[in-house]
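Here are the chains, one letter per residue:
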Amino acid sequence: MALERTLSIIKPDATRRNLTGAINAKFEAAGLRLVAQRRIRLTTAQAEAFYAVHKERPFFRDLVTFMVSGPVVVQVLEGEHAVARNREVMGATNPANAAPGTIRKEFAESIEANSVHGSDSAENAAIEVAFFFAGLDIVG
Ligand code: IDP
Ligand code: MG
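Analysis parameters
- Residues numbered from 1 in each chain as written.
- Chains lettered and ligands numbered in written order.
- Predicted model: local features only at pLDDT ≥ 70, side-chain atom pairs only at ≥ 80, totals over all residues.
- Heavy atoms only, no water.
- Helix = DSSP H or I, 4+ residues; strand = E, 2+ residues; numbered from the N terminus.
- Rg over C-alpha atoms; globule rule 2.2 N^0.38 Å.
- Buried < 20%, exposed > 50% of the residue type's maximum accessible area, 1.4 Å probe, protein only.
- Contact = heavy atoms within 4.5 Å.
- Areas by Shrake-Rupley, 256 points an atom, 1.4 Å probe, with all protein chains shown as cover.
- Lys, Arg positive; Asp, Glu negative; His and termini not counted.
- Charge placed at Lys NZ, Arg CZ, Asp CG, Glu CD.
- Pairing = 2+ DSSP bridges.
- Axes fitted to C-alpha atoms, helices over the stretch in contact; angles between N-to-C directions.
- Near = heavy atom within 4 Å.
- Polar contact = N/O pair within 3.5 Å; in protein donor to acceptor, adjacent residues only side chain to side chain.
- 1 Å grid on protein atoms, 1.4 Å probe; cavity = no way out; pocket = protein on both sides within 12 Å on 5 of 7 lines; lining within 4 Å.
- Sits in = over half its atoms within 2 Å of the grid points.
- Nonpolar A, V, L, I, M, F, W, Y, C, P; charged D, E, K, R; others polar.

(A) How the structure looks around the overall build of the protein. Tallying secondary structure elements over the protein gives 7 helices and 4 strands in all. Starting at the N terminus and ending at the C terminus, the protein contains elements arranged as β-α-α-β-α-α-β-α-α-β-α. Its C-alpha atoms give the protein a radius of gyration of 14 Å, near enough to 14 Å, the size a compact globule of 140 residues would have. Overall size of the protein, expressed as C-alpha extent along the three principal axes, is 40 × 35 × 25 Å. In the protein, buried positions account for 46% of the 140 residues. Contacts in the protein between residues at least 24 apart in sequence constitute 77% of all its contacts with a sequence separation of at least 6. Approximately 7100 Å² of the protein is accessible, and the part contributed by carbon and sulfur atoms is 54%. Placing the 16 positive and 16 negative side-chain charges of the protein at their respective mean positions leaves the two points 5 Å apart.

Below, the structure is given as structure tokens:
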């Protein structure tokens, strides 16, 4: 089975509450490896570009404002079926609907401040990883 890579972001609500390690412990326990990682403060232009797919959604402006409200940790997870595995560990977008034991169930504050981003397909994972990381930054 081929290894996959996917983009993960620890969002400002989680960095503010000092949850980076607790969240990453869940990824590692699920067999996902952190093969690249950087803590950054997104600019508005960067957040708008990253979430451009959502620009017609009613929550777009609030989402961008939230994503620039504090530091984020952008990271690449590697493992078998990493895209789907990451989504499983994250849980549903709305923490009210997230399964027990998932990151969003345990840590998310709201449907918006939901602690983590994860790519939703292999195609988008490749685009999103390349948005933040050069090939030489990823050490598998
Ligand atoms: P996902 O993060 O589970 O893939 P998406 O539908 O791609 O969910 O939405 C991107 C992000 O936009 C969510 O993680 C969340 O932060 C925010 N978001 C999604 N739906 C809503 C909403 O109805 N109200 C406010 N924010 C939302
Ligand atoms: Mg999404």
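(B) Region of the structure containing the sheet that holds strand β1 (residues 3–10). Taking strand neighbours across the sheet as the criterion, the 4 strands line up as β2-β3-β1-β4 in an open arrangement whose pairing is antiparallel. The open sheet has two edge strands, β2 (33–40) and β4 (116–118), and neither has a second partner. On average, each strand axis in the sheet is inclined to that of its neighbour by 20 degrees, with strand direction left out of account. Where β1 and β4 come together, 3 bridges link them in antiparallel fashion. Residue pairing for β4: serine 8 is matched across the bridge by glycine 118. Packed onto the sheet, helix α5 (residues 82–90) meets β1, β3 (72–80) and β4 and runs at close to 35 degrees relative to β1. Together, β1, β2, β3 and β4 form the strand contacts of helix α7 (residues 122–132), whose direction differs from that of β1 by roughly 55 degrees.

(C) Molecular detail of the site of ligand 1. The local shell around ligand 1 consists of Lys11, His54, Arg57, Phe59, Leu63, Arg87, Thr93, Arg104, Ile111, Glu112 and Asn114. With respect to ligand 1, the backbone of glutamate 112 contributes an N or O atom lying 2.8 Å from an oxygen atom. Notes on ligand 1: free accessible area 530 Å², of which the protein chains cover 80%. Placement of ligand 1 is best described as lying within the largest pocket. Looking at the shell around ligand 1 residue by residue, the class counts come to 3 nonpolar, 3 polar and 5 charged.

(D) Just the environment of serine 115, in detail. Its place among the elements puts serine 115 in the loop between α6 (103–107) and β4. On the basis of relative accessibility, which here comes to 0%, the residue serine 115 falls in the buried class. Between the C-alpha atom of serine 115 and that of lysine 105, which follows or precedes it by 10 residues, the distance is 9.9 Å.

These values are about where atoms sit, not about what they do.
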